[in-house]
Amino acid sequence: MFTIRLPEEMERRLTVLADTTKRPKSFYVREALERGLDDIEDAYLAEAALEKFRVSGEKAVPLEEVERRLGLAD
């Protein structure tokens, strides 16, 4: 369990939605997280992996080389 602070406009919209549909605000917060968390994870974890790669000093391998090594080249 945790507490979040929302901008006033977002809080107002959430309240209107909850009041109109007779569901708790937590239902919609959970729904929004379920719909968006995968995308957020993908973006931030990819960014972290890229930074780790950059710091490592490893050389990048061109896609054509990867395809050739895997026998996928045309």
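Above: the structure in question.
Because the structure is predicted, anything quoted here is derived from the model rather than measured.

A. Focus on the overall build of the protein. Secondary structure summary: the protein contains three helices and zero strands in total. A compact globule built from 74 residues should have a C-alpha radius of gyration of about 11 Å, whereas the protein, at 22 Å, is more than 25% larger. Considered along the principal axes of its C-alpha atoms, the protein spans approximately 60 × 30 × 25 Å. Residue burial in the protein is summarised as follows: out of 74 residues, 5% are buried. Total accessible area computed for the protein in this model is approximately 7200 Å², and 57% of it derives from carbon and sulfur atoms. Charge-centre separation for the protein: the mean point of 13 positive side chains lies 5 Å from the mean point of 17 negative side chains.

B. Structural detail: the packing of aromatic side chains. Applying the stated criterion across every chain, the model contains one aromatic pair. Between Arg 23 and the ring centre of Phe 27, over which it is positioned, the NZ or CZ distance is 4.2 Å.

C. Quick look at a nonpolar patch on the surface. On the surface, Phe 2, Ile 4, Leu 33, Leu 37, Ile 40 and Tyr 44 cluster together to form a nonpolar patch covering roughly 640 Å² of accessible area. Tracing the sequence through the fold places Phe 2 in the segment before helix H1 (8-21).

D. Broad picture of the pattern of salt bridges. A full pass over the atoms with the stated rule returns five salt bridges. Notably, a salt bridge pairs Glu 31 with Arg 35, separated by 2.8 Å at the nearest N-O pair. One end of the pair, Glu 31, and the other, Arg 35, are both in helix H2 (residues 25-56), four residues apart, so they sit about a helical turn from each other. The exposure class of Glu 31 is partly exposed, given its relative accessible area of 26%. Arg 68 serves as the salt-bridge partner of Glu 65, at 2.4 Å between the closest nitrogen and oxygen. Taken as a pair, Glu 65 and Arg 68 lie in helix H3 (residues 63-69) at a separation of three residues, close to a single helical turn. For Glu 65, a relative accessible area of 23% translates into the label partly exposed.

E. Local environment of a negative patch on the surface. There is a patch of like negative charges on the surface, built from Asp 38, Asp 39, Glu 41 and Asp 42. Summarising the element assignment, Asp 42 is placed in helix H2. For Asp 42, a relative accessible area of 54% gives the class exposed.

Thresholds, definitions, all that
- Residues numbered from 1 in each chain as written.
- Predicted model: local features only at pLDDT ≥ 70, side-chain atom pairs only at ≥ 80, totals over all residues.
- Heavy atoms only, no water.
- Helix = DSSP H or I, 4+ residues; strand = E, 2+ residues; numbered from the N terminus.
- Rg over C-alpha atoms; globule rule 2.2 N^0.38 Å.
- Buried < 20%, exposed > 50% of the residue type's maximum accessible area, 1.4 Å probe, protein only.
- Areas by Shrake-Rupley, 256 points an atom, 1.4 Å probe, with all protein chains shown as cover.
- Lys, Arg positive; Asp, Glu negative; His and termini not counted.
- Charge placed at Lys NZ, Arg CZ, Asp CG, Glu CD.
- Phe/Tyr/Trp six-rings, centres within 6.5 Å; stacked < 30°, edge-to-face > 60°.
- Lys NZ or Arg CZ within 6 Å of the ring centre and 35° of its normal.
- Patch = residues over 30% accessible without salt bridge, like charges linked within 9 Å, V, L, I, M, F, W, Y side chains within 5 Å.
- Salt bridge = Lys/Arg side-chain N within 4 Å of Asp/Glu carboxyl O.

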